[in-house]
Amino acid sequence: MSDAPLTKEQVEALLLKGPFHQWLGLTVEDVGEGTIRLRAKWRPEWVVNADRGYAHGGILATLVDLTADWALVSKTGRGVPTVDLRVDYHRAAMQHDLICVGKVIKFGGQLCVSEAQILDEDGKLLASGRGVYMIPPKA
């Protein structure tokens, strides 16, 4: 990987190579040194309770994981394997796009730690979490 920072367009192109990420409707709003901000476009398939209309917690956990992972992209240039993940749920995600904000806490030689917050469009915290990620040796 070159020393030049990746643009948000380059990061989005890398992120959207994954069909699951495409299905989630992800766009990269901002990327910086150890930070990322994504938007996930609401999908009706996320709804777990048809009467109340809120998203399944697994969608929020997925967004925490991938946002924390991709906060590392400024150093790794790609997504990396998750070693451990913790998610806390704060309120239900209703039928609106979700904002995903991630930042690196520690970038290590083999293991890294990142955090993520999932927000509604009004900035209310829906879920937060922290992941440990492995930096595989270059092939």
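Criteria and cut-off values
- Residues numbered from 1 in each chain as written.
- Predicted model: local features only at pLDDT ≥ 70, side-chain atom pairs only at ≥ 80, totals over all residues.
- Heavy atoms only, no water.
- Salt bridge = Lys/Arg side-chain N within 4 Å of Asp/Glu carboxyl O.
- Helix = DSSP H or I, 4+ residues; strand = E, 2+ residues; numbered from the N terminus.
- Core = buried A, V, L, I, M, F, W, Y, C linked by side-chain atoms within 4.5 Å.
- Buried < 20%, exposed > 50% of the residue type's maximum accessible area, 1.4 Å probe, protein only.
- Contact = heavy atoms within 4.5 Å.
- Polar contact = N/O pair within 3.5 Å; in protein donor to acceptor, adjacent residues only side chain to side chain.
- UniProt positions renumbered as here; feature names shortened; annotations may be inferred.
- Phe/Tyr/Trp six-rings, centres within 6.5 Å; stacked < 30°, edge-to-face > 60°.
- Lys NZ or Arg CZ within 6 Å of the ring centre and 35° of its normal.
- Patch = residues over 30% accessible without salt bridge, like charges linked within 9 Å, V, L, I, M, F, W, Y side chains within 5 Å.
- Areas by Shrake-Rupley, 256 points an atom, 1.4 Å probe, with all protein chains shown as cover.

Looking now at the pattern of salt bridges. Using the criterion set out here, one finds eight salt bridges in the structure. Across the pair arginine 39 and aspartate 97 runs a salt bridge whose closest N-O atoms are separated by 3.6 Å. Of this pair, arginine 39 sits in strand β2 (residues 35-40) while aspartate 97 is found in the loop between β5 (82-89) and β6 (98-107), placing the two residues 58 residues apart along the sequence. Through salt bridges with shared partners, one network takes in Glu29, Arg37, Arg39, Asp97 and Glu121.

Time to look at the nonpolar core. Residues Trp46, Leu63, Leu98 and Ile118 are the most contacted members of the largest nonpolar core, which totals 33 residues. Residue assignment for this core shows that the elements contributing at least two residues are α1 (8-15), β1 (26-32), β2, α3 (57-70), β6, β7 (111-119) and β8 (125-134). Broken down by element, the residue count for this core peaks at seven residues, all from α3. Other than its neighbours up to four places away in sequence, leucine 63 contacts Leu24, Leu26, Ala40, Leu98, Cys100 and Ile118.

Moving on: the side chain of serine 128. Residue position: serine 128 is located in strand β8. Residue class for serine 128 comes out buried when judged on its relative accessible area of 14%. There is a polar contact of 2.7 Å between the side chain of serine 128 and the side chain of histidine 90. In contact with serine 128, not counting residues within four places along its chain, are Val64, Arg86, Val87, Asp88, His90, Ala116 and Gln117.

On to the UniProt feature "domain: Thioesterase" (unreviewed entry) in the chain, then. Under the local residue numbering, the UniProt record ascribes the feature "domain: Thioesterase" (unreviewed entry) to residues 53-126. Across residues 53-126, the secondary structure splits into 24% helix and 42% strand, with the terminal C-alpha atoms separated by 15 Å.

Take the packing of aromatic side chains next. Working definition: an aromatic ring pair is given by the centre-to-centre distance plus the angle between the planes. One pass over the structure, following the stated rule, counts two aromatic pairs. Judged by centre distance (5.3 Å) and plane angle (75 degrees), the rings of tryptophan 42 and tryptophan 46 are edge-to-face. For the residue pair tryptophan 42 and tryptophan 46, the accessibility class agrees, reading buried in each case. The ring of phenylalanine 107 is capped by lysine 75, whose NZ or CZ atom sits 5.8 Å from the centre of that ring.

Another aspect to go through is a nonpolar patch on the surface. Nonpolar side chains collect at one region of the surface, where Val83, Leu111 and Met134 lie side by side and expose about 260 Å² of accessible area between them. For leucine 111, the position within the fold is in strand β7. A relative accessible area of 47% means that leucine 111 is categorised as partly exposed.

Here the focus is the side chain of threonine 76. In this structure, threonine 76 sits in helix α4 (residues 73-76). What makes threonine 76 buried here is its relative accessible area of 9%. At a separation of 2.6 Å, a polar atom in the side chain of threonine 76 contacts the main-chain carbonyl oxygen of arginine 78.

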